[in-house]
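One-letter residues, chain by chain:
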Amino acid sequence: MKISMTINGNVVEAEQGQTVLDVLQVQQVDVPTLCYLKDLNDIAACRMCVAEVNGSRLQTTCTLEAADGMVVNTETERVNNSRKQTLELLASYHSFDCWTCPREKNCDLFDQMRLYNVDDVFKHSFELEGKELKLNESSSITLDSSKCVHCSSCIAVCDQIAGVGVLEYMERGYDSVISPVFGKGSLDEVNCIGCGLCTKVCPTAAIVERDHIKRVEAALDDPNTFVVAQIDPAVRAAIGEEFGYDIGTPVETYEGQIFGALQLMGFDDITTTNLAQDFAVVESAHELLHELAQPEDQNRFPLFSSCSAGWIRYAEQNHPEMLSHISTAKAPHMMQGSFVKNFIAHDVYGVDATKLFVVTISPCTAHKTEADRDDMVNDGLKNVDAVITTRELARMIQYARIDIDDVTPVTIESPLDHSANALAIPTVNGGLMEQILRTAQRQTGETPTQEIVYEPLQADSILFKATVMIQGQEVLVASAQGGKGMQDMMDYLAIQESNKAQGLPYEQFHYVEFMGCPGGCINGGGQPILREEYKSGLDVTTLRRRSLEQSIHYDNQYVPSNELVQFYKTKVKEVASPTAKRYLHTTYLDKSVINR
């Protein structure tokens, strides 16, 4: 039902049931918010979205339902004074070290303080009147209470999207801080999966990724260290956003300059993770075919993917009884790190493996935890030494005073790269699984399925399933994304197993791909921050995927490279060989004790 309202003197139409903020956004009236996330966090905690309604008191537009005949003014003196007072209050206990802050160029609080001309009287008087500051560092995420504006956005997204709910308010009133649940000192001690969604909705730098920049800078400064950068395709799809390019811009527009910047910073070799994806795909396809050949009572179905670090942490903490179902193949970037150090450091680079430093440039914050796992070590060497996110790479380029627009484009010429830097589809939900299925079909002499058609697992489900034929057998697969999606999938599988035990109709899944972030790696927790995704529903995943699909290098029909075949013959010998098992595969641990 249509209603009529007056906004800043203009009569507009709206839909009954909308909030005033909804109407203002539709009408493109700029109203500041710090805490608002559409359908996730509309609790009016920050009070920045206030407006004068019907000429009377100020009301928060995110919680006020629009009404016929309502008169709303968003820019009166009273409104602006209220917003300024709110910002002054927040500033009175905020740590202003903006020149070293990772959100220096993307901080909602800073932008709004500048917009409302908040007096700069706090930078020398930050004492917080005895308030206890807390810095909680995990292997993936850092929480800094001195920069928190108590918007609750991180709590909302952790609970409703990540589905793990590991953040909460501790203490009360002036002393309240957001902290890991149960009073734990680190997110490593609770059920955090390291997805980094909290870092993408925080309006300040109260929650950011764990810094690995210093690790990388130390390696680059050491003349005796050979530093290799391996770049995930999802990074290439989004890094341009940090330098002013529109979201969805084709990767060729700027990636040559990014590669050039890496050379200028001193990286000795720059490669993509294409080779590693080859390894992961062929090893996983062999694993799937092996299980398909087993009798029904001896297979491991459903097999689960192993490419998402967030998923692995979730499974180890919440479903240790299912660890035997997870593919033992390491994540691609860990495979490549292991391969580089243990097989080709001397032959290809001419350096001792102990002098080789591998840096993964990743869309994922959980990769930081993964790189520091004890099981990601072979022959005393860490597979990957540091992981920097897309955001961290942008900061490193800026720290080095490199102007991307002035950089001469460079083409990757690494001995590890192939297929003209091809961009395939593993960065989006279901992508790596599709490559595995097509490779399994090729390995059995079949023509790969050109298009795999997905359908919702249930009505309105965020889970999807599809069927492909391999050696005349129907193979049922599914995909789940985000922590909540992972739990929903595990619940669904439990129901199928129960039905099977009771002799009721059930679905036997053969392979399930889990991705820790909604939309897959292309929308990972370490990608550029666009809070509009959660404030207005901006479809970030589709736009970034378009940047890959428009590329002349885009390839959605995976074919193993000649380099892969050669490497296997000379180094690994054959798929699933003892050598491959030792260096390219891993095991998983029951970590459910974290939750007790």
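Residues numbered from 1 in each chain as written. Predicted model: local features only at pLDDT ≥ 70, side-chain atom pairs only at ≥ 80, totals over all residues. Heavy atoms only, no water.

Q: How would you summarise the domain arrangement of the chain if you had to cite specific residues and measurements?
A: Domain boundaries in the chain define domain 1 (2-75) and domain 2 (91-209). If you average the C-alpha positions of domain 1 and of domain 2, the two centres end up 27 Å apart. At the interface, 11 residues of domain 1 touch 13 residues of domain 2. For the pair domain 1 and domain 2, the summed buried area comes to about 990 Å², and 61% of that belongs to carbon and sulfur atoms. (Domains from an automatic or database assignment. Contact = heavy atoms within 4.5 Å. Buried area = accessible area lost by both parts, 1.4 Å probe.)

Q: Tell me about the nonpolar core, and please be specific about residues and values.
A: Of all hydrophobic cores here, the largest spans 49 residues; its most connected members are Leu167, Phe304, Trp311, Met489 and Phe514. Of all the secondary structure elements, the ones that give two or more residues to this core are β7 (141-144), α4 (153-160), α5 (197-201), α10 (309-318), β20 (473-481), α15 (482-501) and β21 (511-515). Among the elements that line this core, the one with the most residues is α15, at five residues. For Leu167, the residues in contact, after removing those within four places along its chain, are Leu143, Cys154, Ile155, Cys158, Ile178, Ser179, Pro180, Val181, Leu187, Cys198 and Ile207. (Core = buried A, V, L, I, M, F, W, Y, C linked by side-chain atoms within 4.5 Å. Buried < 20%, exposed > 50% of the residue type's maximum accessible area, 1.4 Å probe, protein only. Helix = DSSP H or I, 4+ residues; strand = E, 2+ residues; numbered from the N terminus.)

Q: Now, about the sheet that holds strand β6 (residues 135-137): what can you tell me, with residues and values included?
A: Strands belonging to one sheet form pairs held by backbone hydrogen bonds; the direction of such a pair is parallel or antiparallel. Pairing is antiparallel in the open sheet, where three strands are placed in the order β6-β7-β10. Where the open sheet ends on each side, the last strands, each with one partner, are β6 and β10 (207-209). Each strand of the sheet is rotated relative to its neighbour by a mean of 15°, with strand direction disregarded. (Pairing = 2+ DSSP bridges. Axes fitted to C-alpha atoms, helices over the stretch in contact; angles between N-to-C directions.)

Q: I'd like a description of the environment of Ile239, backed by residues and values.
A: Here Ile239 is to be found in the loop between α7 (233-238) and α8 (255-265). Looking at Ile239, the relative accessible area reads 1%, which means it is buried. For the pair Ile239 and Gln508, spaced 269 residues apart in sequence, the C-alpha separation works out to 40 Å.

Q: Account for the environment of Val540, naming residues and giving values.
A: Tracing the sequence through the fold places Val540 in helix α17 (residues 540-549). Since its relative accessible area comes to 2%, Val540 is described here as buried. When the C-alpha positions of Val540 and Gly248 are compared, they lie 8.5 Å apart, and in sequence the two are 292 residues distant. If sequence neighbours within four positions are ignored, Val540 has contacts with Ile247, Asn523, Leu530 and Glu533.

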